[in-house]
There are 2 protein chains.
Amino acid sequence: MPEVASSRPPLTIRMRDEDNVAIVANDGGLPAGTQLPDGVPGAGLVLREKVPQGHKVALRDIAEGEVVLRYAVPIGYALKPIAAGSWVHERLLQMPSARALEGLPIATVKPPVHEPLEGFTFEGYRNRDGSVGTRNILAITTTVQCVAGVVAQAVARIKAELLPLYPNVDDVIGLEHSYGCGVAIEAPDAIIPIRTLKNISLNPNFGGEVMVVSLGCEKLQPARLLPPGSFPITDERGADAGPETVCLQDDAHVGFMSMLDDILQTARPHLERLNARRRETVPASELVVGVQCGGSDAFSGVTANPAVGFCADLLVRAGATIMFSENTEVRDAVEQLTSRAATPEVADAIIHELGWYDRYLDRGRVDRAANTTPGNKAGGLSNIAEKAMGSIIKSGSSAISHVLSPGDKLRRDQRGLVYAATPASDFICGTLQLAAGMNMHIFTTGRGTPYGLAECPVVKVATRTDLARRWHDLMDINAGRIADGEVSIEETGWEMFRLLLDVASGRKKTWAEHWKLHNALVLFNPAPVT
Amino acid sequence: MPEVASSRPPLTIRMRDEDNVAIVANDGGLPAGTQLPDGVPGAGLVLREKVPQGHKVALRDIAEGEVVLRYAVPIGYALKPIAAGSWVHERLLQMPSARALEGLPIATVKPPVHEPLEGFTFEGYRNRDGSVGTRNILAITTTVQCVAGVVAQAVARIKAELLPLYPNVDDVIGLEHSYGCGVAIEAPDAIIPIRTLKNISLNPNFGGEVMVVSLGCEKLQPARLLPPGSFPITDERGADAGPETVCLQDDAHVGFMSMLDDILQTARPHLERLNARRRETVPASELVVGVQCGGSDAFSGVTANPAVGFCADLLVRAGATIMFSENTEVRDAVEQLTSRAATPEVADAIIHELGWYDRYLDRGRVDRAANTTPGNKAGGLSNIAEKAMGSIIKSGSSAISHVLSPGDKLRRDQRGLVYAATPASDFICGTLQLAAGMNMHIFTTGRGTPYGLAECPVVKVATRTDLARRWHDLMDINAGRIADGEVSIEETGWEMFRLLLDVASGRKKTWAEHWKLHNALVLFNPAPVT
Ligand SMILES: [Ca+2]
Ligand SMILES: [Ca+2]
Ligand SMILES: [Ca+2]
Ligand SMILES: [Ca+2]
Ligand SMILES: [Ca+2]
């Protein structure tokens with residue numbers, strides 16, 4: 001393929017004054033011999049070799065063993081001398097070791113006090129427990145994968161036969177998963193997948209209309225998944241009733257169609273109640289936003305993630321909840337997290353979660369460095385230390401007010417900036433954020449991914465204009481315009497905040513919703529299968 | 001609910017003369033005071049309490065600490081004295097500890113020499129590598145879950161727009177899974193999910209027409225999943241080509257529809273080649289049958305599984321391949337396996353696999369006892385020792401000729417009775433048996449499960465007439481007639497063997513195929529996620 005010279009003047013981006021590297025912003029990178037123009041970091045330097053887009057260029061000579069700084073933190077040590085103007089790729093860097101979890105700074109940073117942001121609202125579905133849904137969905141909980149084929153057929157029939165009768169209901173989904181039997185349900189770590197499934201059933205987008213399809217003989221019995229008291233039951237069955245359950249092994253089921261009919265019959269009153277609901281104006285503080293990144297490149301930490309960080313601060317100012325996650329991507333930045341903790345208890349909880357994850361990885365004989373992908377490296381991210389700095393910037397500048405263990409659900413009083421401890425895997429992280437109570441999702445991507453969830457709208461943010469142009473009907477926001485110099489981080493953060501309110505209100509759909517692009521739930525099960 | 005008295009005379013089943021317990025065969029169990037009639041085990045005994053169907057009754061007084069024998073092996077030790085005629089339930093038994101993996105009898109049993117079974121054939125699709133498909137399916141391999149939403153839409157379009165043009169193609173399926181990224185791909189155990197995915201792509205039911213949809217930046221790159229040489233490429237692309245791959249991040253893709261169009265275009269020549277194939281008569285030796293049980297009860301080991309065992313012997317006599325699996329369900333019967341190994345190498349391989357699994361469970365702080373379910377216990381299986389005896393009976397009486405590690409694929413010369421080491425989880429076991437090259441699946445169930453796979457026909461066998469009657473359009477064979485005294489184990493084994501040939505030939509469909517009941521693939525990934 002012929003190399004197309006960039007039509008824009010050479011542009012480099014340095015994150016902090018102390019950095020001795022900058023990244024090349026130009027589409028297609030910059031060829032050897034390029035002189036960096038006035039007004040950009042490294043002005044006057046001549047590139048000694050081609051530097052791909054998103055990759056780092058040395059701004060000055062770096063001696064062997066010398067630290068390479070980006071975001072003013074060490075992302076590696078030079079394995080040999082690197083001359084100014086060289087491409088600083090992953091093979092030139094020794095990765096720094098992860099900070100030990102002892103002796104960390106605890107709640108030392110006084111975060112900037114932002115003034116409250118008032119008057120922003122959206123149109124949402126208020127639930128009996130006070131939470132607010134952004135969609136009005138009937139979700140059918142399943143205790144075990146055995147029932148998935150039957151539930152899939154029941155959902156197809158509900159969509160065809162019942163949904164037309166209930167036009168205010170947005171969707172019907174089966175909460176399929178691979179847990180429930182053939183698993184070591186008494187293992188200490190089994191609590192994670194079990195509470196995840198329970199809490200997903202209670203996600204605000206499902207309106208409290210819990211119904212369960214069970215096989216009958218599975219390990220994860222309905223009463224174990226959703227013990228009485230798990231959620232308020234206000235219908236005629238009374239508060240002590242468990243969830244309404246269709247058990248396929250019930251003696252009354254004779255023939256396959258009787259199972260489908262039973263599921264449809266059970267769904268009807270739930271659909272009726274959901275259908276009777278109307279959106280009402282609620283304050284922006286009712287947003288529970290999960291953020292994550294996937295398919296990251298070096299622009300993730302320069303454009304999209306900083307814009308998410310700005311939006312996160314707006315959400316905190318508005319009294320809303322914003323969760324960031326991805327243990328292996330914050331591990332190298334643990335100091336920043338513990339120092340930003342609102343209280344020593346929060347810092348301790350962060351240390352507890354990351355320590356647990358260190359040991360979990362260690363049992364499998366790997367460490368946090370297993371996070372990075374070929375695409376990350378091709379995109380200019382040398383290692384997990386560099387990736388982490390670009391990842392945690394999504395959290396903005398607020399104090400961290402709460403920490404959730406994997407699969408835990410936020411209480412109504414847990415607002416502000418929350419660290420929800422999850423693996424970085426896009427699907428596991430999204431699944432755990434659903435369990436936490438997420439009603440809106442922001443997902444940034446540099447390499448591009450068609451990620452989507454049936455349970456919650458996903459706003460996808462491109463880190464580069466090239467991606468946003470090619471994936472024009474998959475990306476909801478183009479943060480690449482920040483690197484193009486067309487908009488500021490702040491402007492993009494505001495665009496995101498406003499789009500969240502529009503999508504939450506149902507006034508706009510995300511592209512993933514438009515195309516019905518849905519990924520399956522993936523549970524985090526650190527316990528054995530049997 | 002009123003108790004309906006059984007219309008048949010009281011019937012008990014004892015597996016071996018040495019056993020001091022028998023199970024109650026009657027629907028609804030037998031009430032206290034029932035006298036066991038002449039001609040059944042325990043004749044003359046009066047039941048001291050109600051004994052549910054499938055549960056054990058003591059045939060003589062058992063002292064505290066005395067061994068309880070079923071299948072002539074210890075299934076437990078009495079925790080207190082048990083009088084003859086009592087219900088011997090799980091709370092009365094101390095489970096025996098699992099046999100250590102040292103000092104086992106190795107290849108000591110000379111299995112009965114059965115005469116070869118000749119002249120049985122089926123109509124199958126002969127593949128280039130010599131294997132034979134029982135269905136003619138286009139399977140789209142995916143490297144990572146990120147692409148699942150796009151592939152699902154592409155599959156829907158292929159079904160609507162292309163399949164009508166290729167009437168000899170049975171189906172198009174996307175091989176969706178949760179592996180590929182966000183996983184510790186360099187962990188020692190990562191080899192298991194990777195080879196599983198690779199080998200599933202090469203399942204005989206897919207005709208060697210491998211096509212891959214990749215995202216682009218994932219850890220599991222197409223060339224890592226299917227390195228050149230993984231399968232014979234005879235088309236114009238040449239033998240060194242990798243699999244044909246649609247990469248969603250390809251620069252040429254502008255807009256979502258271009259991705260779908262590319263997948264459809266790529267599928268066309270594969271569909272054309274599949275469509276040109278015709279079934280031909282092949283010997284029964286080309287069957288590769290995976291057997292497993294799920295939702296087991298005490299009848300599993302009395303009716304369905306012994307019939308499967310008889311059928312397994314028929315298959316071995318016909319020169320076919322029959323795989324049994326489920327590590328935690330054979331662990332308590334390890335002596336029987338090692339003594340039946342054809343060679344010391346096979347015995348060593350069995351010990352290696354079960355030892356590996358012991359350690360895997362131990363890392364998660366559980367043991368093989370984590371296998372049993374509430375349904376097993378309700379169905380009369382007191383513990384894993386008892387369940388194991390009923391489970392391995394599926395393997396029949398032949399020598400074990402080969403052992404597969406999880407995710408491994410059978411070589412063409414690996415015929416006969418094979419132990420494919422897998423977890424017992426129905427979906428993980430089925431997924432690994434697909435990877436091994438299964439072209440027919442037998443699944444026995446006592447409690448009932450609507451299990452099905454899109455990739456391979458699943459013949460489902462009910463252990464009880466009551467289940468077969470209620471699930472008349474889900475169960476393919478009623479082995480409960482054995483307990484009813486209507487047919488013999490041998491007759492049911494022959495019925496199964498003939499049904500396998502009919503279904504393999506496409507002359508009959510299983511109920512799961514009829515209803516399109518499909519469970520998702522579930523990978524066995526003992527390595528961490530990141
Ligand atoms: Ca990430
Ligand atoms: Ca992620
Ligand atoms: Ca019954
Ligand atoms: Ca089993
Ligand atoms: Ca099983």
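Just so you know, these numbers come straight off a predicted model, no measurement behind them.

Q: With reference to specific residues and values, describe the coordination of the calcium ion (ligand 4).
A: All names here are of chain B. Distances from the calcium ion (ligand 4) to its protein donors, Cys-293 (O), Cys-293 (SG), Glu-326 (OE), Glu-329 (OE) and Glu-329 (OE), fall at 2.4 to 2.7 Å. Between the calcium ion (ligand 4) and the calcium ion (ligand 5) the interatomic distance amounts to 3.4 Å, and Cys-293 serves as a bridging ligand to the pair. Residue Glu-326 is classed as buried on the basis of its relative accessible area of 0%.

Q: If you had to explain the packing of aromatic side chains to someone new, which residues and values would you point to?
A: Residue and element names in this part refer to chain B. Evaluated as defined, the whole model comprises 28 aromatic pairs over all chains. Judged by centre distance (5.1 Å) and plane angle (75°), the ring pair of Phe-120 and Phe-497 falls under edge-to-face. Here the residue Phe-120 occupies a position in the loop between strand S7 (93–94) and strand S8 (121–126), and Phe-497 occupies one in helix H14 (residues 489–504), the gap between them amounting to 377 residues. Under the relative-accessibility criterion, Phe-120 is labelled partly exposed at 26%. Classification of Phe-497 by relative accessible area gives buried; the value is 0%.

Q: Explain the state of the cysteines residue by residue, including any values.
A: Residues and elements named next belong to chain B. Following the criterion strictly, the structure yields zero disulfides over all chains and no others. In this structure Cys-181 is not part of a disulfide, and its nearest cysteine sulfur, from Cys-146, lies 6.0 Å away. Cysteine Cys-456 shares no disulfide, and the gap to the nearest cysteine sulfur, in Cys-429, comes to 12 Å.

Q: Please give an account of the sheet that holds strand S14 (residues 280–283) of chain B that cites residues and values.
A: Residues and elements named next belong to chain B. The strand order across the open sheet formed by three strands is S9-S8-S14, and the pairing between neighbours is antiparallel. Edge strands, defined here as strands with exactly one partner in the open sheet, are strand S9 (132–133) and S14. Here four bridges tie S8 to S14, and the two strands are oriented antiparallel to one another. Bridge assignment links Gly-124 to a residue of S14, and that residue is Glu-280.

Q: Describe the relation of the copies chain A and chain B, with residues and values.
A: Between chain A and chain B, which share one sequence, the superposing operator has a rotation angle of 180° and an axial displacement of 0.0 Å; the RMSD is 0.0 Å. On this basis, the relationship between the two copies can be described by a two-fold rotation axis. Within chain A, the C-alpha atom positioned nearest to the axis of rotation is that of Arg363(A), 3.9 Å from it. A shared interface surface links the copies, since 100% of the contact residues of chain A are contact residues in chain B too.

Q: Residues and numbers for the interface of chain A and chain B, please.
A: On the side of chain B, 72 residues touch chain A, which itself brings 72 residues to the contact. Across the chain A-chain B interface, the total number found is two salt bridges. One salt bridge in this structure joins Arg470(A) and Asp251(B), with 3.7 Å as the shortest N-O distance. Summed over the shared surface of chain A and chain B, the number is 32 residue pairs in polar contact (both at pLDDT 80 or more).

Q: How would you sum up the pairing of S8(B)? Please name residues and give values.
A: Residues and elements named next belong to chain B. Taken together, the two bridges between S8 and S9 define a ladder with antiparallel strand orientation. If you follow Arg-126 over to S9, its bridge partner there is Val-132. Hairpin connection, S8 to S9: the antiparallel pair is bridged by five residues, and Gly-130 has positive phi, about 95°.

Q: Account for the coordination of the calcium ion (ligand 1), with residues named and values stated.
A: All names here are of chain A. Summarising the metal site, the calcium ion (ligand 1) is bound by the protein donors Cys-293 (O), Cys-293 (SG), Glu-326 (OE), Glu-329 (OE) and Glu-329 (OE), whose distances to it range over 2.4 to 2.7 Å. For the calcium ion (ligand 1), all donor residues lie on one chain, and their spacing in sequence is C-x32-E-x2-E. Separating the calcium ion (ligand 1) and the calcium ion (ligand 2) is a distance of 3.4 Å, and Cys-293 donates to both of them. Here Glu-329 lies in helix H6 (residues 327–330) and Cys-293 lies in strand S15 (residues 288–293), a separation of 36 residues in the sequence. For the residue pair Cys-293 and Glu-329, the accessibility class agrees, reading buried in each case.

Q: Which residues make up the pattern of salt bridges, and what are the values?
A: All names here are of chain A. Under the defined criterion, the tally for this structure stands at 62 salt bridges over all chains. A salt bridge links Asp-261 to Arg-157; the shortest N-O distance between them is 3.2 Å. Here Asp-261 is found in helix H4 (residues 256–276), whereas its partner Arg-157 is found in helix H1 (residues 148–162), with 104 residues between them in sequence.

Q: An account of the UniProt feature "domain: SAF" (unreviewed entry) in chain A is needed here, citing residue identities and associated values.
A: Sequence positions flagged by UniProt for "domain: SAF" (unreviewed entry) are, in local numbering, residues 19–94 of chain A. Between the first and last C-alpha atoms of residues 19–94 of chain A the distance is 17 Å; the span itself is 0% helix and 28% strand.

Q: I'd like a description of the domain arrangement of chain A, backed by residues and values.
A: Domain annotation for chain A reports domain 1 (1–94), domain 2 (137–276) and domain 3 (281–515). Computed over C-alpha atoms only, the centres of domain 1 of chain A and domain 2 of chain A are separated by 54 Å.

Q: Describe the environment of Ile191(B), with residues and values.
A: Mapping Ile191(B) onto the fold places it in helix H2 (residues 191–201). The spatial distance from the C-alpha of Ile191(B) to the C-alpha of Gly294(B) is 27 Å, given a sequence separation of 103 residues.

Q: Please give an account of the side chain of Asn478(A) that cites residues and values.
A: Residues and elements named next belong to chain A. Topologically, Asn-478 is positioned in strand S21 (residues 477–478). Residue classification places Asn-478 among the buried residues on the basis of a relative accessible area of 16%. At a separation of 3.3 Å, a polar atom in the side chain of Asn-478 contacts the side chain of Thr-465. Here Gly-480 takes part through its backbone nitrogen, which lies 2.7 Å from a polar atom of the side chain of Asn-478. Residues within four places of Asn-478 in sequence aside, it is in contact with Ala-462, Arg-464, Thr-465 and Ala-468.

Cut-offs and rules
Residues numbered from 1 in each chain as written. Chains lettered and ligands numbered in written order. Predicted model: local features only at pLDDT ≥ 70, side-chain atom pairs only at ≥ 80, totals over all residues. Heavy atoms only, no water. Donors = N, O, S within 2.8 Å, 3.2 Å for Na, K, Ca; no water. Buried < 20%, exposed > 50% of the residue type's maximum accessible area, 1.4 Å probe, protein only. Phe/Tyr/Trp six-rings, centres within 6.5 Å; stacked < 30°, edge-to-face > 60°. Helix = DSSP H or I, 4+ residues; strand = E, 2+ residues; numbered from the N terminus. Disulfide = S-S within 2.5 Å. Pairing = 2+ DSSP bridges. Least-squares fit on C-alpha atoms with pLDDT ≥ 70 in both. Contact = heavy atoms within 4.5 Å. Salt bridge = Lys/Arg side-chain N within 4 Å of Asp/Glu carboxyl O. Polar contact = N/O pair within 3.5 Å; in protein donor to acceptor, adjacent residues only side chain to side chain. UniProt positions renumbered as here; feature names shortened; annotations may be inferred. Domains from an automatic or database assignment.

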